[in-house]
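Remarks on the overall topology
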Amino acid sequence: MNYERNEYRNRVLGCFLGKNAGGTLGMRDEWHRRINHVTYYTHEITGEPLPNDDMDIQLVWLIALEEKGIHIDARTLGDYWMYYVTPHWAEYGNCKINMRMGIQPPFSGTHNNPYTDSCGAYIRSEIWACLAPGCPETAVSYACRDALVDHGEGEGLYAEAFCAAMESAAFVEHDIRTLIHIGLSYIPEECAIAKAVRLAESLYDRRVPWMEARDEILRNFLGGFIFTVSEEDRKKGFVNGRTGWEAPSNIGMIILALLYGEGDFGKTICLAVNCGEDTDCTAATSGALLGILLGIDGIEEKWKAPIGGKLKPACLNLGELGNLGNLLPKDIYELQERIEKLAEMVLAGCHTGMALSDQPCLFDGCRLFCEDNSRFYAGPDTARYSFDFFDIDVTFENGISIAPFSSKKLTFTVHNRYKTSENLNIHIYGENLQVSPSRDGLMHIPEGIWFRNRAQASFTLHWEDFPGTVCRAVAEFTTPSRAGSMLVPLIFVKDITDDCDGKTHAAKAGNISCGEEKT
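Residue indices begin from 1 for each chain and proceed along its sequence in written order. Whole-chain, interface and lining totals are the exception, using all residues; otherwise, since this is a predicted model, local features are given only for residues with pLDDT of at least 70 and side-chain atom pairs are given and counted only at 80 or more. The basis for every side-chain value is the complete set of heavy atoms in the structure, and neither hydrogens nor water enter the calculation.

Per an unreviewed UniProt entry, the protein goes by ADP-ribosylglycohydrolase family protein and derives from Candidatus Eisenbergiella pullistercoris. UniProt positions are given in the numbering used here, feature names are shortened, and annotations may be inferred rather than shown by experiment. The protein has a UniProt comment under Sequence similarities (unreviewed entry) that states "Belongs to the ADP-ribosylglycohydrolase family."

What follows is the structure, given as structure tokens:
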């Protein structure tokens, strides 16, 4: 299958022009819960967009792929996050606090982070779609690695996977309803994102006026992070939502805008802003999808001229990004050129069967819907490590926190991706560590061509105590048929926050706790 190069360029430029337009339109109303009435830009027209963090992290991912290659994982993305993403708010800050302790994704996004279900991940889905046009499975695979850094596995991850699938498919499928159903096929059916999407579809099908539809989405999916609430919304009871649970309602607003906007670019991004909530994000994501569908040539000049093509970073470490940011693309045209170079490698290196070409577009059985989305998600207490022949999941019972003088159960699930069965030897390393039933074990893994190509083994780890706040162990997997070993890091965080009733753990650990001084 091939995708005509000039059409690809037109749609990528439309994607990021549309994102800048929506982000600029919605910036002034961000995180205010109210019905808005915008019909056009409200900022001072200068020929440039407003700075917006929705674009920034995608630029970091661009540089990460250019420097480290296309087969990048969440842990490397996390390293780039630490170098170049400056904010300390919400999930952005919490994941950095965790990574500074040595906690890797996905636990950098889940440990002590109430924002796993917030909006910070889906706003950066476009780069993955543009790297994998017409290949939503590949785009979702990248999007999941991305979201693990600061959201772990929660509604924030599902939101990004949903958007990446829609946006990738939009290069070859141009019906909004079909795109929505493609996106839904890549996320769990019962997650809140899927429910919010289906609610928005139902409201549109029943011809509910958009303002009433907006209210119904808030009644069912009310987030709590908000700056101000209008008196009208207070009377409706839209006040005390759950902080950190903003992705479902805002994805619902995006679908509302896409459906009620009926393919009109300006109408769509204005509807997204007029629903309130995270308006720069909802309008930017809506604008990006419409931009892919229309191409930059299909967006009216009145939306393009006031913002031009520049990129204006809002939350990046410009001093470390070369000489005050010279590693960054200056505008959407340079961004498109650099993404295109990477897309050539992604389409070939990920075995998508798609290629950019100077020939007319040709699609032959292009698979857009996902038949089994479970392979994208390991679970909220599970980290996945990929090796040449195996994927190894490690599931921590009740997360990575462990109280002193207690035990933690771990379950390893090994997925065989090769055509021969294997025996795997396991050895667990760690100081002052007791392991039950043993530090050593043997697993037989069926060949990868069969459905039951996986096996599990569980161990219980126990420390009397460990110094400091973080403890590390390692599980080594070896096989007699191949040289070398596969090392899976095991990281635990000492937790004394539940000691206030008995104070036993804090006293034994020698820590100050519950307002009492150490004597």
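And the narrative resumes.
The subject of this paragraph is the nonpolar core. If you look at the biggest cluster of nonpolar residues, it comprises 135 residues, and the most contacted ones within it are Phe162, Ile187, Ile193, Ile251, Ile255 and Tyr260. Only buried Ala, Val, Leu, Ile, Met, Phe, Trp, Tyr and Cys residues count toward a nonpolar core, and they belong to the same one when joined by side-chain atoms within 4.5 Å. Accessibility here uses a 1.4 Å probe with only protein chains present; expressed as a share of the type maximum, an area under 20% marks a residue as buried, one over 50% as exposed, and anything in between as partly exposed. Counting 37 residues, the second largest nonpolar core, distinct from the first, contains Leu410, Val435, Ala475 and Val493.

Turning to its location among the elements, Ser185 is positioned in helix α9 (residues 176–185). In this structure, Ser185 is in contact with Phe369, Cys370 and Asn373, ignoring residues within four places of it in sequence. Helix numbering and strand numbering both begin at the N terminus, where a helix is a DSSP run of H or I of at least 4 residues and a strand a DSSP run of E of at least 2. Two residues form a contact once any of their heavy atoms are found within 4.5 Å.

Glancing now at the packing of α9 against helix α13 (residues 247–261). Axes, fitted as lines to C-alpha atoms, cover a helix only where it is in contact. Angles between the N-to-C directions of the axes lie from 0 to 180 degrees. Two elements in contact, α9 and α13, have axes separated by 10 Å at closest approach and are oriented at 160°. One finds that α9 runs roughly antiparallel with respect to α13. Together, Ile176, Arg177 and Ile180 of α9 and Ile255, Leu258 and Leu259 of α13 make up the contact between the two elements. Oblique is the label for every angle not falling under 35 degrees (roughly parallel), over 145 degrees (roughly antiparallel), or within 65 to 115 degrees (roughly perpendicular).

A separate point is the sheet that holds strand β13 (residues 470–478). By the convention used here, strands pair only if DSSP detects at least 2 bridges between them. Strand order in the open sheet made by the five strands is β7-β14-β13-β9-β11, with mixed pairing throughout. Single-partner strands in this sheet number two, and they are β7 (401–402) and β11 (440–445). Sheet analysis places strand β9 (residues 422–429) next to β11, joined by six bridges and oriented antiparallel. Considered in β11, the bridge of Leu424 is made with Met443.

A few words now on the sheet that holds strand β6 (residues 390–396). In space, the five strands of this open sheet follow the order β5-β6-β8-β12-β10, with antiparallel pairing throughout. A single partner strand is all that each edge strand has here, and the edge strands are β5 (382–386) and β10 (434–436). Shown here is a sheet whose adjacent strand axes are inclined to one another by a mean of 25°, direction ignored. Direction of pairing for β5 relative to β6: antiparallel, over a ladder of five bridges. For Arg384, the partnering residue across the bridge sits in β6 and is Asp393.

With that settled, the discussion passes to the pattern of salt bridges. Here the idea is simple: oppositely charged side chains can pair when their charged atoms come close. The working definition used for a salt bridge is a side-chain nitrogen of Lys or Arg within 4 Å of a carboxyl oxygen of Asp or Glu. Enumeration over the complete set of coordinates arrives at 32 salt bridges. Linking Arg33 and Glu277 is a salt bridge whose minimum nitrogen-to-oxygen distance equals 2.7 Å. With a gap of 244 residues between them, Arg33 in strand β2 (residues 32–33) and Glu277 in the loop between α14 (265–274) and α15 (279–294) connect regions that are remote in the sequence. With a shortest N-O distance of 3.0 Å, Glu334 and Arg338 are connected by a salt bridge. A residue pair is termed a helical-turn pair when its members lie 3 or 4 positions apart in one helix, as Glu334 and Arg338 do in helix α17 (residues 332–349) at four residues. Given the relative accessible area of 14%, Arg338 is considered buried. Taken together, the shared-partner salt bridges in this structure form one network comprising Arg5, Arg9, Glu340, Glu344 and Asp358.

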